[in-house]
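# Secondary and tertiary structure notes
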Amino acid sequence: MGKSRGGISIARFGKIANLKWANFSEIVEAKAMSKPEFNDWNPPPKRRELSANEVHVWRAKLHRSAREIEQFRAMLSPDEKGRSRRFYFDRDRHDFIVGRGILRSILSGYLNIKAEKIAFEYRDRGKPGLANPGDRAIEFNVSHSNGLALYAVTRDRPIGIDVEYLRPLRHAEQLANRFFTPPEVAAIAALAPEEKQTAFFHAWTRKEAYLKATGEGLAGLEAVEVSVSPEMPAKLLRIRGDRQLASCWFLCDIHPHPAYLAALAIEGEGHLCYYSWEHE
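These lines cover the structure that appears in this document, whether it is placed above or below.

## As for the packing of aromatic side chains
Centre distance and the angle of the planes are the two values used to describe a pair of aromatic rings. Scanning the entire structure with this criterion turns up 13 aromatic pairs. Pairing phenylalanine 87 with phenylalanine 96 gives two aromatic rings, centres 5.4 Å apart and planes at 40°, and the pair type is tilted. For phenylalanine 87, a relative accessible area of 29% gives the class partly exposed. For phenylalanine 96, a relative accessible area of 8% corresponds to the buried category. Stacked on the ring of phenylalanine 120, the Lys or Arg arginine 100 has its end atom at 4.9 Å from the ring centre.

So this is what it looks like as structure tokens:
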């Protein structure tokens, strides 16, 4: 799931990471060293219940032992197992298996059924959902990057989440010029060089979180305008130029780890709760 359907991966636009950008790498490393690796995330609740205004965000590591991978593989449907075999690299295959297995395990707690019994479907524009009509009140979205996965779960309204590993992007401004709105491009161009990379990732995750909530794809990037300046909180500013339509959505940044940026979009507002799968 993640970004395989209804999502966008920066890496799809070419080999744009340049690991020789030492200054940016040093900044990320310094941030990672300044904070605990995983902080401010709670153990899973004993009972997984969602009130009408709650949003549960789960964080999980995808790199697992061979024994755990096999346990997660046993939960998958024949279709999922077939998809896993199409990955060329073992790590990508294992990340897919673990990511789907954890998704099934998380959802099983809300649905009160066994993880392997959950059935998925793909709706308009490829957005994944639950196939059983009795389960469709539960809405979810998934994103993963460089071994870290985020899962967002709520009730009766569209939701989207995106996470990106902070890495050097040699052509960040060129990508912004191609896919961002003119105000977003201008805001990034006005920043100091050391701020542009982070601003790009903030804009990207915020835009993609909304696009994943609606099921739109790459063509929708320029139709969505978000806040970019470091002084501004995450906010959806315009949708196809319409401020009123944008005001119906809640957008926020999520901090799963110092070396990652993430964002969540949901129609309306809600109370966010953060849980770590590692406590399971």
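Continuing now.
## Some words on the packing of helix H3 (residues 78-85) against helix H4 (residues 90-111)
Packed helices, taken two at a time, are described by the angle their axes make and the gap between the axes. Across the interface, H3 lies against H4 with an axial gap of 8 Å and an inter-helix angle of 155°. Judged by the inter-axis angle, H3 sits roughly antiparallel to H4. Between H3 and H4 the crossing geometry is right-handed. Contact residues: Glu80, Arg83, Ser84 and Arg85 in H3; Arg93, Phe96, Ile97, Arg100 and Arg104 in H4. Taken together, the residues of the contact of H3 with H4 sort by class into two nonpolar, one polar and six charged.

## Remarks on the nonpolar core
In terms of nonpolar packing, the biggest core is built from 32 residues, with Phe180, Phe200, Tyr210, Leu236, Trp249 and Leu251 touching the most fellow members. Residue assignment for this core shows that the elements contributing at least two residues are helix H5 (172-179), helix H6 (182-189), helix H7 (193-214), strand E7 (224-226), strand E8 (236-239), strand E9 (249-254) and strand E10 (260-267). Top element by residues in this core is H7. It accounts for nine residues. Apart from the residues within four sequence positions on either side, phenylalanine 180 is in contact with Leu175, Val185, Ile188, Phe200, Ala203, Trp204, Lys207 and Glu222.

What counts and what doesn't
- Positions within a chain are numbered from 1, following the residues in the order the chain's sequence is written.
- Local features are withheld for residues below a pLDDT of 70 in this predicted model, meaning they are given only at 70 or higher, and side-chain atom pairs are given and counted only at 80 or more; totals for whole chains, interfaces and linings count all residues.
- For side-chain calculations, the full set of non-hydrogen atoms in the structure is used, while hydrogens and water are omitted.
- The pairing test for Phe, Tyr and Trp rings, Trp by its six-membered ring, is centres within 6.5 Å, and the orientation test on the planes gives stacked under 30 degrees, edge-to-face over 60, and tilted for anything in between.
- Think of it in three bands: residues with accessible area under 20% of the maximum for their type are buried, residues over 50% are exposed, and the middle band is partly exposed, with areas taken using a 1.4 Å probe on protein chains only.
- A positively charged side chain is recorded as over a ring if its NZ (Lys) or CZ (Arg) lies within 6 Å of the ring centre. The angle to the ring normal must also be within 35 degrees.
- All axes here are fitted lines through C-alpha atoms, helices being fitted over the stretch that makes contact, and every angle between N-to-C directions spans 0 to 180 degrees.
- Every helix listed is a DSSP run of H or I at least four residues long, and every strand listed is a run of E at least two residues long, numbered separately from the N terminus.
- Angles are sorted into four bins: roughly parallel if under 35 degrees, roughly antiparallel if over 145, roughly perpendicular if 65 to 115, and oblique for all others.
- Crossing handedness is defined as follows: a turn of the near helix away from the far one that is anticlockwise and smaller than a right angle gives a left-handed crossing, while the clockwise case is right-handed.
- Working rule for contacts: check all heavy atoms of both residues, and any pair within 4.5 Å makes them a contact.
- By the convention adopted, Pro, Cys, Tyr, Trp, Phe, Met, Ile, Leu, Val and Ala count as nonpolar, Lys, Arg, Asp and Glu as charged, and the other residues, Gly among them, as polar.
- To form a nonpolar core, buried Ala, Val, Leu, Ile, Met, Phe, Trp, Tyr and Cys residues must be joined to one another through side-chain atoms within 4.5 Å.

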